[in-house]
Amino acid sequence: MLTKQDDLVGSLIHDVAHLLRLEIDRRAAPYNLTRTKWLAISQVHEQPGITQSELAGRLELGAAATGKLVDRLVDRGFVERRADAADRRINPLHLTEKATHLLQQLEAESEALRQDLLGDFSPEEREKLRSGLLKLKTRLQRQTAPDAQ
């Protein structure tokens, strides 16, 4: 039987990820956002014209959940779907001016979060943490890939 004590690294990563999600949701709440909505808006900002299916992949959400999320962002005036001249089935996503303004406000929130979380870490410690987590993520992705079975 695997206990939390046996899986110390996995348990710590899980606990930290859970606490981080709670903290991001807490900081997003005054903007009437969730962490997922904030992330979705950021993804559309980073890749204007992203499709809903591409956004689903980036957010690691299913098509139906992503569709509902985009519908809510459209209803709130943060995202708009634009017709694609080449493919009528695709409606690329673009941010509105309202969302661009919101992202500017959220950038200060992001920086404050980074400082609160990593302020006691030296630049070298931050890089080691990032590097170690990326290495672990890459290894797990290889091991869980369908062709790795």
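Residues numbered from 1 in each chain as written. Predicted model: local features only at pLDDT ≥ 70, side-chain atom pairs only at ≥ 80, totals over all residues. Heavy atoms only, no water.

### Considerations on helix α1 (residues 8-28)
With 21 residues, α1 should reach 30 Å at 1.5 Å per residue; the first-to-last C-alpha distance of 30 Å fits that figure. Burial in α1 covers these residues: S11, I24, R27 and A28. In the core, the buried residues of α1 are packed alongside α2 (35-46) and α5 (97-118). (Helix = DSSP H or I, 4+ residues; strand = E, 2+ residues; numbered from the N terminus. Expected span 1.5 Å × (residues − 1). Buried < 20%, exposed > 50% of the residue type's maximum accessible area, 1.4 Å probe, protein only. Contact = heavy atoms within 4.5 Å.)

### Concerning the packing of α2 against helix α3 (residues 52-59)
Put simply, α2 and α3 touch, their axes get as near as 10 Å, and they point 125° apart. Overall, the two elements α2 and α3 adopt an arrangement that is oblique. Here α2 runs over α3; the crossing is right-handed. Contacts from L39, A40, Q43, V44 and E46 in α2 reach L55, R58 and L59 in α3. Residue classes in the contact of α2 with α3 are distributed as five nonpolar, one polar and two charged. (Axes fitted to C-alpha atoms, helices over the stretch in contact; angles between N-to-C directions. Parallel < 35°, antiparallel > 145°, perpendicular 65-115°, else oblique. Left-handed = near helix turned anticlockwise from the far one by under 90°. Nonpolar A, V, L, I, M, F, W, Y, C, P; charged D, E, K, R; others polar.)

### A short note on the packing of aromatic side chains
When we look at a pair of aromatic rings, we describe it by the centre distance and by the angle of the planes. Under the defined criterion, the tally for this structure stands at zero aromatic pairs. Against the face of F78 rests K98, its NZ or CZ located 5.1 Å from the ring centre. (Phe/Tyr/Trp six-rings, centres within 6.5 Å; stacked < 30°, edge-to-face > 60°. Lys NZ or Arg CZ within 6 Å of the ring centre and 35° of its normal.)

### Some thoughts on the pattern of salt bridges
Scanning the model with the defined rule gives nine salt bridges in all. Residue E109 pairs with R27 through a salt bridge whose shortest N-O separation is 3.7 Å. One end of the pair, E109, is in helix α5; the other, R27, is in helix α1, with 82 residues separating them in the sequence. Each member of the pair, E109 as well as R27, carries the same accessibility label: buried. Each of E23, R26, R27, E109 and D116 takes part in one network of salt bridges that share partners. (Salt bridge = Lys/Arg side-chain N within 4 Å of Asp/Glu carboxyl O.)

### A look at α5
Between its first and last C-alpha, α5 extends 31 Å over 22 residues, near the 32 Å set by a 1.5 Å rise per residue. Along its length, α5 reaches its greatest deviation from straightness, about 25°, at Q105. Taken together, the buried positions of α5 are A99, L102, L103, L106, E109, S110 and L113. Of the surrounding secondary structure, the elements contacted by the buried residues of α5 are α1, α2 and β2 (93-95). (Bend = angle between axes of the 7 residues up to and from the residue.)

### Here's the deal with the nonpolar core
Core analysis: the biggest nonpolar cluster contains 22 residues, and L33, I41, L55, L73, F78, L93 and L95 have the highest contact counts within it. Residue assignment for this core shows that the elements contributing at least two residues are α1, α2, α3, α4 (63-75), β2 and α5. When neighbours within four sequence positions are excluded, L95 is seen to be in contact with I41, V44, H45, F78, V79, T100 and L103. (Core = buried A, V, L, I, M, F, W, Y, C linked by side-chain atoms within 4.5 Å.)

### Focus: the environment of E60
Following the sequence through the fold, E60 ends up in the loop between α3 and α4. Considering only alpha carbons, one finds E60 and D71, 11 residues apart in sequence, at a separation of 17 Å.

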